[in-house]
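# Summary of structural features
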Amino acid sequence: MSEDTISLDAIQVWLQNALISPGSTSCQEIEKHLRPSAQLKAAQRLGIYQRSYYLRLLQCMREQFPALCHALGDQLFTDFAREYLQAYPSESYTLYELGRRFPQYLEQTRPDKDGLQQARESWVDFMIDLARFERQLFVLFDAPGHEGKLLADRTVPDHVLQLQPCFALADYRFPVASYYQQVRKGNNPAFPPEGHSMVAMARKNYLTRILLLTPTQHAFLTLLQQGHEIAYALELMALQLTLTVEYVYESWTAPDGIRKRWIDAGVFIHKGICGPESIV
Amino acid sequence: MPHSNLGLGLGLRNCHFNHILSAWPAVDWFEAISENFMDSGGWPRHVIRQVAEHYPLALHGVSLSIGSTEPLNFDYLKKLKNLATEVQAAWISDHLCWTGVQGINSHDLLPLPLTEQSLKHVAGRVAQVQDFLGRELVLENPSTYITFTQSTLSEPDFLRELCKQTGCQLLLDVNNVYVSAFNSGTDAIDYIEQFPCEYVIQMHLAGHQHCGTHIIDTHDRTVRTAVWELFRLAWLRTGGVASLLEWDGNIPPFEQCHAEILKAKDYMLGEFDPANVAISSETEKETISNPVGFLVPGVMDRTQAEGA
Ligand SMILES: [Fe+2]
């Protein structure tokens, strides 16, 4: 196709490919499309866009995964993130989505993925879980929440307690939440030993609270997330733990029990009631 | 529709949110990056609502991609329209650029070959966008680092024709004029003299980085004197319009940004002397161009751990 007739579409496809895969074009092709300046050749001018394309997106990835970046060190994080951006360029008008597929990408491309499950390297599991955790926090930060409306207080009876909309449950193979908190405080935490950790995350007054859970608490909240009522979930817990329902109910409602703690943390709303003011 | 001169404003940035919401500084107006708020159901949305109640606010986009050959994203436009209604945006601006094709967003403001073909393409899309939004679009001259061999029109001529055909309006980024003129070896003063200033309703100012062979639009420092001098000329030619400082990297405290844009007052009067728009000879190592209004939402600051 001659220079005069090349379509706008073709030139845009060419330029975009040249940004994402700088090797996809040649000096000859660059000179066909772009003029040199007094100081720079056409390819050097294009190079400004090529460099800033990755630098800008990598900076954004560091901001979305600060603890993972800390754990891997800047160089290794940058290597992984750059490969990720090459494999999954942004498909959204918003940079908020940039890191969406990163945890999944790390899982798919783990260096030991073809090995036996037992032979897998645990640091890789840690990185993947930390990425999942940071992505989850990022989503909760900006998801529609319950601010401006009533959260449940301690007087609300169980049968009308409902999980609030800006809430997530997760379990990890490592204590990623405490690692994250250490990085947040500016410490330099060591690679943590393997250890199952379960967390609930709920946003109240634009602050995402991270609640560490026992396996029973996690199972209980999972039942609520599936739409079951609290009374049913307590019964099922009692059955599974071979405890009496009365005992489980007492520990649920104890003065310093989880009911009080979770209500205070903003885990629940009052089903069907959304007042104009939030209870802080 | 004529727009009022909103005065001297600042780009709304995450690191200033707490200061603004507690001190309510006496700044004339704010400009918010649309994409940082349009999907938000959290803290950023809360902040922009509060800001909109206290200050005039304009929305400035970076992903409209008006020049792309990809179909317009009406889901994006719908969210933009909703946000504009919610915050009573004084106007909605974006750039004369494209950000991606084939479903990809480069998150860069990529230039177009300035041809009759591009003009026809962009004019058609501006008309569609304006129809959908029910208001005029405001388009900004981008900072550019390349020039297409295909280009047959100057940017001022391209924009003048676009305004004539579509009724859209313009945001003149004076720093971008300086940056692009240096990078393409053209004359910044000449650019302003050729620019269709009658369509300009807003100006941008920002700092840049001089790398010797080229200039990068970094938005990470104070405005260069030469750019202020160009602003003096642009102020004369536009008759004075709402002006705003963009600061996106190494952002100092709010009051320092505010003091920087208030310097504009010193350049609203007095004679323009072309000799003051000199090319500086300083050189620095290149950093990232920063046209996008960086996303630093401070997620870490908004989390709190509680014991099991
Ligand atoms: Fe600008």
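Please read all numbers here as calculations on a predicted model, not as lab measurements.

Take the pairing of strand β2 (residues 29–33) of chain B next. All names here are of chain B. Judged by how many residues are buried, β2 sits mostly within the fold: 5 of 5 residues are covered. Along β2, one buried face is formed by Trp29, Glu31 and Ile33 and the opposite face, lined by Phe30 and Ala32, is buried too. Taken together, the 3 bridges between strand β1 (residues 8–11) and β2 define a ladder with parallel strand orientation. Pairing of glycine 9 across the sheet is with tryptophan 29, part of β2. Since β1 and β2 lie parallel, the crossover through helix α1 (residues 17–23) that links them has a hand, and here it is right-handed. In terms of strand pairing, β2 meets strand β3 (residues 57–60) through 4 bridges, oriented parallel. Bridging across to β3, alanine 32 finds its partner in leucine 59. As for the winding sense of the linkage, the β-α-β connection from β2 through helix α2 (residues 43–54) to β3 is right-handed.

Once that is clear, we can look at the confidence of the model for chain B. Looking at chain B, pLDDT values average 92 and 93% of them are 70 or higher. The ipTM, which scores confidence in the relative placement of chains, is 0.92 for this predicted complex, and the corresponding pTM is 0.93.

Turning our attention to the coordination of the iron ion. Residues and elements named next belong to chain B. Within the protein, Glu140 (OE), Asp173 (OD), His204 (ND1) and Glu246 (OE) serve as the donor atoms for the iron ion, at 2.0 to 2.3 Å. One can describe the site at the iron ion as irregular: its 4 donor atoms subtend angles covering 82 to 173° at the metal. Of note, the donors binding the iron ion are all from one chain and are spaced E-x32-D-x30-H-x41-E. One end of the pair, aspartate 173, is in strand β6 (residues 169–173); the other, histidine 204, is in strand β7 (residues 200–206), and 31 residues separate them in sequence. For aspartate 173, a relative accessible area of 0% corresponds to the buried category.

This paragraph deals with the interface of chain B and chain A. Of the residues lining the interface, 70 residues belong to chain B; the matching set on chain A comes to 67 residues. For the chain B and chain A pair, buried surface summed over both sides reaches about 6,200 Å², with 60% attributable to carbon and sulfur atoms. Along the contact surface separating chain B from chain A lie 1 salt bridge. A salt bridge links Arg56(A) to Asp108(B), with the nearest nitrogen and oxygen atoms 3.5 Å apart. At the boundary of chain B and chain A, one finds 26 residue pairs in polar contact (both at pLDDT 80 or more). Of all the elements in the fold, those that place two or more residues in the side of chain B that touches chain A are α2, α3 (74–86), α4 (116–133), α6 (174–184) and β11 (303–306) of chain B. In terms of residues, the side of chain B that touches chain A owes the most to one element, β11(B), which gives 4 residues. Here the side of chain B that touches chain A is composed, by residue class, of 28 nonpolar, 33 polar and 9 charged. Across 4 bridges, the pairing between strand β4 (residues 207–213) of chain A and β11(B) is parallel. Note that in β11(B) the partner of Thr208(A) across the bridge is Thr303(B).

About the criteria used
- All residue numbers refer to position in the chain's written sequence, counted from 1.
- Working convention: letters from A go to chains and numbers from 1 go to ligands, in the order in which they are written.
- Local features in this predicted model are restricted to residues whose pLDDT is 70 or higher, and side-chain atom pairs enter the listing and the counts only when it is 80 or higher, whereas totals over whole chains, interfaces and linings include all residues.
- Water and hydrogen atoms play no part in the side-chain values, which are based on all heavy atoms of the structure.
- Each residue is assigned to one of three classes by its accessible area relative to the maximum for its type, calculated with a 1.4 Å probe on protein chains only: buried under 20%, partly exposed between the two thresholds, exposed over 50%.
- Strands are runs of DSSP state E lasting at least two residues, helices are runs of H or I lasting at least four, and both sets are numbered from the N terminus onward.
- For two strands to count as paired, DSSP must find a minimum of two bridges between them.
- The handedness rule is simple: strands pointing away from the viewer, and a clockwise path from the first strand over the helix to the second, make the crossover right-handed.
- For every residue, the predictor reports its confidence as pLDDT, a number between 0 and 100.
- A 2.8 Å cut-off from the metal defines N, O and S donors, relaxed to 3.2 Å for Na, K and Ca; water is not in the atom list, so some sites may appear incomplete.
- Here a site with four donors is tetrahedral if all angles are between 85 and 135 degrees, and a site with four or six donors is square planar or octahedral if opposite donors are over 155 degrees apart and the other angles are between 65 and 115; anything else gets the irregular label.
- Contacts are assigned to residue pairs that have any heavy atoms within 4.5 Å of one another.
- The term buried area refers to how much accessible surface (probe radius 1.4 Å) is lost by two components on association, counted for both of them together.
- Each salt bridge in this description consists of a side-chain nitrogen of Lys or Arg and a carboxyl oxygen of Asp or Glu lying within 4 Å of one another.
- By the criterion applied in these results, polar contacts are pairs of N or O atoms within 3.5 Å in which, for protein atoms, one can donate a hydrogen and the other can accept it, and in which residues neighboring in sequence qualify only through two side-chain atoms.
- Three categories are distinguished: nonpolar for Ala, Val, Leu, Ile, Met, Phe, Trp, Tyr, Cys and Pro, charged for Asp, Glu, Lys and Arg, and polar for the others, with Gly belonging to the last.

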